[in-house]
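Observations on the model geometry
Residue-level listing of the chains:
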Amino acid sequence: MTTTIESSFVGTKSFPAVSIIMPTHPQYPHFKLDREHLQQLLAQAEQLLLEQYSKQKTNLIMDRLHSAVNGINFGALPQGLAIYVSSEVQRVVNLPFEVSEKVIVDDSFEVRDLLYAAKLNRHFLALIISQNKVSTLVGFGNSFVPVHYGKMPKNVRDVMNQHSLPGWDYLDTEAYDEKNIHNYLRFIDKVIEEESRGAELPVIILGDKKINGYIRNHTRNAKHIIGYVDGNYEHVSLPEIRKKMEPILQQQIAQEEEKALDMLGDAIGKGNFAAGVTEVWRAAAEGRGRLLLVEKDYRVTARFGEDNYTILVDEAVATARHKIADAVDDIIELVLRHNGEVMFVANGKLDPQQHIALITRY
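Here the structure is a predicted model, which is why all the values come from computation and not from measurement.

**So, the nonpolar core**
Ranked by size, the top nonpolar core spans 39 residues in total, and within it Ile 331 and Ile 356 carry the most contacts. Mapped by element, the contributors of at least two residues to this core are strand S1 (17-23), strand S2 (80-85), strand S3 (90-95), helix H4 (112-120), helix H8 (277-285), strand S11 (289-295), helix H9 (327-337) and strand S16 (356-360). Per-element accounting of this core gives the leading share, 7 residues, to H9. Ignoring anything within four residues of it in the chain, the contact list for Ile 331 reads Val 277, Val 280, Trp 281, Ala 284, Leu 292 and Ile 356. Within the second largest apolar cluster, 22 residues are counted, among which are Leu 41, Val 69, Ile 72 and Val 85.

**A few points about helix H7 (residues 238-270)**
Along its 33 residues, H7 runs 47 Å from first to last C-alpha, staying within 8% of the 48 Å computed at 1.5 Å per residue. Roughly 40 degrees is the biggest bend found in H7, and it falls at Met 245, with proline Pro 247 one to four residues downstream. Along H7, the positions that sit buried rather than exposed are Ile 241, Arg 242, Met 245, Ile 248, Leu 249, Gln 252, Ile 253, Glu 257, Ala 260, Leu 261, Leu 264 and Ala 267. Taken from the residues just after H7, Gly 271 is the one with a positive phi, measuring 80 degrees.

**Looking at the pairing of strand S9 (residues 225-230)**
Looking along a regular strand, one sees side chains alternate from face to face of the sheet. The pairing of strand S8 (residues 203-207) with S9 spans 5 bridges and is parallel. When the bridges of S9 are listed, Leu 206 appears paired with Val 229. Read as a crossover between parallel neighbours, the route from S8 over helix H6 (residues 209-218) to S9 is right-handed.

**Some words on unusual backbone geometry**
Positive phi values are uncommon outside glycine, yet Asn 339 reaches one of about 65 degrees. Within the secondary structure, Asn 339 sits in the loop between H9 and strand S15 (341-345). With phi around 60 degrees, Gln 354 is a residue other than glycine that occupies positive phi space. Examined against the element boundaries, Gln 354 turns out to sit in the loop between S15 and S16.

**A look at the confidence of the model for the protein chain**
Per-residue pLDDT for the protein chain averages 87, and the proportion of residues at 70 or more is 92%. Low pLDDT (under 50) marks residues 1-7, which in the prediction has 11 contacts with non-local residues, meaning those over four places away or in another chain.

**Brief notes about the side chain of Ser 196**
Inspection of the secondary structure assignment puts Ser 196 in helix H5 (residues 173-196). A polar contact is formed between the side chain of Ser 196 and the backbone oxygen of Ile 192, at a distance of 2.7 Å.

**So, the environment of Asn 142**
Along the polypeptide, Asn 142 turns up in the loop between strand S6 (134-140) and strand S7 (143-146). Taking relative accessible area as the criterion, Asn 142 reaches 61% and is therefore assigned exposed.

**Quick word on the sheet that holds S11**
Read from one edge of the open sheet, 4 strands run S10-S16-S11-S15, paired in mixed fashion. Looking at strand neighbours, the two that pair on one side only are strand S10 (273-275) and S15, the edges of this open sheet. On average, each strand axis in the sheet is tilted by 15 degrees relative to the strand beside it, whichever way the strands run. Those strands touched by H7 are S10, S11, S15 and S16, and its axis lies near 120 degrees from that of S11. Seen against the sheet, H9 touches S11, S15 and S16 and runs at an angle of roughly 145 degrees to S15.

What counts, and at which threshold
- Residues numbered from 1 in each chain as written.
- Predicted model: local features only at pLDDT ≥ 70, side-chain atom pairs only at ≥ 80, totals over all residues.
- Heavy atoms only, no water.
- Core = buried A, V, L, I, M, F, W, Y, C linked by side-chain atoms within 4.5 Å.
- Buried < 20%, exposed > 50% of the residue type's maximum accessible area, 1.4 Å probe, protein only.
- Helix = DSSP H or I, 4+ residues; strand = E, 2+ residues; numbered from the N terminus.
- Contact = heavy atoms within 4.5 Å.
- Expected span 1.5 Å × (residues − 1).
- Bend = angle between axes of the 7 residues up to and from the residue.
- Pairing = 2+ DSSP bridges.
- Right-handed = clockwise from strand over helix to strand, strands pointing away.
- pLDDT = per-residue confidence, 0-100.
- Polar contact = N/O pair within 3.5 Å; in protein donor to acceptor, adjacent residues only side chain to side chain.
- Axes fitted to C-alpha atoms, helices over the stretch in contact; angles between N-to-C directions.

In structure tokens, the structure reads:
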């Protein structure tokens, strides 16, 4: 499903729609070079606009582009930057991955990088558990926001077992402590179960081996928990915690890719698929796309054939008056517009399908 920011771009037609994608280097002094290079990309965008639109229209869009650029803090960018401007839209999006440089003037925005950012920047719930404290954080990309669950115990003392009190002659302190910890963890698990109803938020548990082992063996939330990180993280910084969780999040992405590739294999066996950019374009334009699989860096310039359902990738593309700057990006929009889904996979995973394939509804 597309997020709010993606939905605002997908299928938006504007004449013109300018997309500028560029890699960034936030370390000093490299970000100064990024700022200078962006001015060159703005000049490139202006030239492309003048080739297709009036001076008046070009000046309007360039004013909006300069306004968008003036608000960028080049010293606080991740690995990529996307700028989207039209007469109605003016937006800058930080991208947490390496990107290829692009300046595109078309009748719709280049949305591939936004969708890929959403794939990497996914929401998840992190539970940091020790006997002294429970922290619940919603993560998105590298950011965390603390969340409060009213029924969540503050620490193990909140659920002390009242049937064996310290000071009694027969008190087994080790059994007493063990029982309290188990009650504590069961209570946490119950709160997560109640809060997870109706939600599909992945959960990551961070605790020592004893805590993680008990939850792993007794949890009622196994379908939501995607991984465990062993250790005491009660006093560890959030960036370090995020770093510890990265392998789990990457593994989840890899599992989703493999699941999509398995689905493609089944679809190929049933004949419900299209492969190669020209076949995929036709199926997507006809509204038959259920799940699009495309290699992360696959791009191709094309031209229209005899109708809007036909595109051609040949030598005539170079001299064509009306080109499709990135046919893959337009296919993504077509699939999403007809309520299909998109999955990016690693480069080379779709070599037999010429880097792009579509599971069709029929």
